[in-house]
Amino acid sequence: AASKRRLRGSNPNIAAPHQLFDDTSSGTGPLAAEYPNHGSPALGIPTQAFLSEPMSNFAMAYGSSLASQGKEMVDKNIDRIIPVSKLKYYFAVDTVYVGKKIGLLFFPFMHQDWEVRYQQDIPVAPRFDVNAPDLYIPVMAFITYILVAGLALGTQNNFSPEILGMQASSALAWLIVEVFAILLSLYLVTVNTDLTTVDLVAFSGYKYVGMIWAVLCGLLFGKTGYYLLLAWCSISIVFFMVRTLRLKILSEAAAEGVLVRGARNQLRMYLTMAIAAVQPLFMYWLTYHLVR
């Protein structure tokens, strides 16, 4: 027995009689250095044990490929519904153009040349031609109109976010109805024109400039000032729309000043006059309740 005890003490690699396997839970066994302890992140397990580097690279490459394909598909569908690339043309404006265009909207009677200039069958940018339609002025005028409407409602002690939201929704809804009505009329009359939906939105949105000044004048000078300025802006927008749309809707002979003949040309002339005539009606309908 004493010799056995001496043998165990002299050789530490000999396990106890009743121990079948070495205890490696403490990481101090002979295989601890070769097989490190791995586990979950909460228990000290690194993630690399479950997701090797080649697999992670493949997953990242596949994900980026799916993202690029999805972005390309979205861009194609959006450009099909809304020509985003063409919208840049309508916002190519500068300060000089904006000033000239607003002056043209208020004083169109002194303007002589209404032809839109082209360069290689492509209309030049609005900043180079005051006759070109743009979306910058209509969009900014619509937003300013909503702000002025909120100011007018505040002076009447009738302001609330809900009422202002209804005012904006109503103005936008009437604009959409107007554009769709014009498109339907052009289809029924079978007018072969280069007018686009964006062009009609631009032309229909120019009336908000006169509406803003009419409401502001009404706030300063009462209903008398409102009606006077609204009448002037109505006459100006009617003249502007007739001189602009006649080059787009009427035939080439009518655009050159030749006497309009034929039932179809007469119908196109009436359509042009009708589009111009509804502008003052919308201007009054959207502003009369803002001046008390």
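The rules behind these values
- Residues numbered from 1 in each chain as written.
- Predicted model: local features only at pLDDT ≥ 70, side-chain atom pairs only at ≥ 80, totals over all residues.
- Heavy atoms only, no water.
- Phe/Tyr/Trp six-rings, centres within 6.5 Å; stacked < 30°, edge-to-face > 60°.
- Helix = DSSP H or I, 4+ residues; strand = E, 2+ residues; numbered from the N terminus.
- Buried < 20%, exposed > 50% of the residue type's maximum accessible area, 1.4 Å probe, protein only.
- UniProt positions renumbered as here; feature names shortened; annotations may be inferred.

S.K.: I keep staring at the packing of aromatic side chains and nothing clicks. Help me out?
M.R.: Aromatic ring pairs are described here by two measures, namely the spacing of the ring centres and the angle between the planes. Enumeration according to the criterion identifies 16 aromatic pairs in this entry. The interplanar angle of 65° and the centroid separation of 5.7 Å between the aromatic rings of Phe109 and Trp232 together place this pair among those described as edge-to-face. With Phe109 in the loop between helix H4 (95-106) and strand S1 (118-119) and Trp232 in helix H8 (residues 207-249), this residue pair connects regions lying 123 residues apart in the sequence. The class of Trp232 is partly exposed, set by a relative accessible area of 36%. Seen in terms of ring centroids, Trp114 and Phe239 are 6.5 Å apart; in terms of plane orientation they differ by 65°. Their pairing is edge-to-face. Taken together, the positions of Trp114 in the loop between H4 and S1 and Phe239 in helix H8 put the pair 125 residues apart, joining distant regions of the chain. Look at Phe239 and you get partly exposed, because its relative accessible area is 26%. Three or more aromatic residues joined by ring pairs form one cluster here, namely Phe107, Phe109, Trp114, Phe203, Tyr206, Trp232, Phe239 and Phe240.

S.K.: Looking at this model, I keep getting lost on the UniProt feature "transmembrane region" (unreviewed entry) in the chain. Mind explaining?
M.R.: Per the UniProt record, "transmembrane region" (unreviewed entry) is found at residues 135-154, 166-188, 200-221, 227-246 and 267-286. For residues 166-188, helix accounts for 100% and strand for 0%, while the C-alpha atoms at its two ends are 32 Å apart. Taken end to end, residues 200-221 is 95% helix and 0% strand, and its first and last C-alpha atoms sit 33 Å apart.

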